[in-house]
Amino acid sequence: MNLTSIPGNEKCADCCEPDPKYSAYNLGILICENCAAIHKTLGPHISKVKSLNLENWDDNTLNSLRSLGNTKVNSKYEENVPLFYKRPLPSDPQVVKEQWIRAKYERKEFFGDKKLSYAAGYKEGYLWKKGKDDKHFQKRRFILDTTENTLKYFRKEEDRDPKGCLRLDGINMMILPKKIGHPNAMQILYEQNEQTRNLFIYADDGQELIEWYTAVRAAKLNRLKIAYPNVDVVNLSTKIMWEYIKEGWLSKTGPRSGDAFRRRWVTLDSKKLTYYEDPFCPYPKGEVFIGSQGFEVEKKLINSGASNSKEVKDPNMAFIVKVPERCFQFLAETVEDADDWVEKIRTVIISN
Ligand SMILES: [Zn+2]
């Protein structure tokens, strides 16, 4: 029997990437190349990794692999994964995959009835937070308290009054190492005085980052359960956090000829386009909510900008977003990027 026909073996046991080419053979699973590299860092006392194609396999090992497989092994190592825990996808950052693999096989967090610190409803510790008006990160004390529904941070250890106090149920967190330039970094979004506010944070190590992230997810799922008692919890657990569908640089102008193009960092989520002066601004410059009635997106150049502004190199880099009573002209930096923005914005319009 072929190893890939064993239940669950059609995708990586850890991140679900299709067609895994490696085996952690002492565990009895097939994994993708990237997860195999993480497994190797666990050491052979936890995981022994070999390529399926390149190495010799003895009959004993093959027989044991045939008797196990991803579904069977995961039913043990993932027996008690809490619903609020984020399972990695192939596209997720390395820290998400690595900590999932360490939680599963090294710390064995999900089998037996381990007490999970991030499910306790209270967490205290240090995180590095980017200054509001400068690019430096400062060490800040953070306290998460589910009973108070707050995440607070303090400038100094001895401070009694927090510098910031966020409502837990209004927080969204995104793990974005590439954007922020640190392997254990995340962006926190919340509403403050009816305005979106962003915090940029990193943790000293990956486990610490994932524990903060997971503690907030646990608290948010609890609030959702109270707010929507009749909705299935599995369904609620898919709505704990959201991710950007796309973000990047675009030039933007209004519909009037003579309006200059301005370069903006633009984010797209399932409800709106948000634009910033740069990727790390605490507050957005503006937001364009996307509905369905009267909303359109198309590749088009209706305004090539003021004579002194950025030159439109190729009209195929241009697209417009029409909202009721307004129209925005955007200019991407490549034709492919313009196509991608149009396709993704269209998906949001259709789903709203
Ligand atoms: Zn994988």
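For the structure itself, look to the data block above.
Here the residue index of a chain counts from 1 through its sequence in written order. Reporting in this predicted model follows two pLDDT cut-offs: at least 70 for local features of residues, and 80 or more for side-chain atom pairs to be given and counted; totals over whole chains, interfaces and linings ignore these cut-offs and use all residues. Based on all heavy atoms of the structure, the side-chain values leave hydrogens and waters out of the count.

**Focus: the overall build of the protein chain**
To be explicit about the condition: Helical segments are the DSSP runs of H or I of at least four residues, strand segments are the runs of E of at least two, and each set is numbered from the N terminus. Each residue is assigned to one of three classes by its accessible area relative to the maximum for its type, calculated with a 1.4 Å probe on protein chains only: buried under 20%, partly exposed between the two thresholds, exposed over 50%. Two residues form a contact once any of their heavy atoms are found within 4.5 Å. For accessible areas, the Shrake-Rupley method is used with a probe of radius 1.4 Å. Any residue's cover is judged against the shown protein chains and nothing else. The sign given to each residue is positive for Lys and Arg and negative for Asp and Glu; His and the chain ends receive no count. All charge positions are set by atom: Lys at NZ, Arg at CZ, Asp at CG, Glu at CD.
When helices and strands are counted, the protein chain shows eight helices and 17 strands. Oriented by its inertia axes, the alpha-carbon framework of the protein chain measures out at about 75 × 55 × 45 Å. Within the protein chain, the fraction of its 352 residues that count as buried is 51%. Counting contacts in the protein chain only where the partners sit at least 6 residues apart, residues at least 24 apart contribute 51% of the total. Total accessible area on the protein chain stands at roughly 18100 Å², and carbon and sulfur atoms take up 48% of it. Side chains of the protein chain give 56 positive and 50 negative charges; the mean places of these two sets differ by 2 Å.

**Focus: the nonpolar core**
One broad rule of soluble globular proteins: the nonpolar side chains tend to lie buried together. Put simply, the test is: In these notes, a set of buried Ala, Val, Leu, Ile, Met, Phe, Trp, Tyr and Cys residues joined through side-chain atoms within 4.5 Å is what counts as a nonpolar core. Those domain boundaries reflect an automatic or database domain assignment.
Residues Ile 31, Tyr 105, Leu 151, Met 173 and Ile 188 are the most contacted members of the largest nonpolar core, which totals 58 residues. Here this core takes 10 residues from helix α6 (residues 206-227), the largest share from any one element. When we break this core down by domain, the ones giving at least three residues each are domain 1 (3-79) and domain 2 (117-237). Those residues within four positions of Met 173 in sequence are excluded, and the remaining contacts are Leu 151, Met 186, Gln 187, Ile 188, Tyr 213, Val 216, Met 241 and Trp 242. Core analysis: the next-biggest nonpolar cluster, separate from the first, contains 21 residues, Val 266, Tyr 275, Phe 328 and Ile 345 among them.

**Re the pattern of salt bridges**
In plain terms, the rule: Each salt bridge in this description consists of a side-chain nitrogen of Lys or Arg and a carboxyl oxygen of Asp or Glu lying within 4 Å of one another.
Within the structure shown, the criterion is met by 24 salt bridges. Glu 157 is the partner of Arg 141 in a salt bridge, and the nearest nitrogen-oxygen pair spans 3.8 Å. You can see Arg 141 sitting in strand β5 (residues 137-145) and its partner Glu 157 sitting in the loop between β6 (150-154) and β7 (164-167), a full 16 residues away along the chain. The partly exposed category is assigned to Glu 157, whose relative accessible area is 46%. With a closest N to O distance of 2.8 Å, Lys 179 and Glu 247 form a salt bridge.

**Considering the sheet that holds strand β13 (residues 272-276)**
The following threshold applies: A pair of strands counts as paired when DSSP detects no fewer than two bridges linking them. Lines are fitted to the C-alpha atoms to define the axes, a helix being fitted only along its stretch in contact, and any angle between axes, read from their N-to-C directions, falls within 0 to 180 degrees.
With antiparallel pairing, the seven strands of this open sheet are ordered in space as β14-β13-β12-β11-β17-β16-β15. Because the sheet does not close on itself, it has two edges, and the strands there are β14 (286-289) and β15 (296-298). With direction set aside, neighbouring strand axes in the sheet form an average angle of 30°. Pairing between strand β11 (residues 246-253) and strand β17 (residues 326-331): three bridges, direction antiparallel. Bridging across to β17, Lys 252 finds its partner in Phe 330. Of the strands in this sheet, β11, β12 (262-268), β13, β15 and β16 (318-323) are in contact with helix α8 (residues 335-351), which crosses β11 at around 100°.

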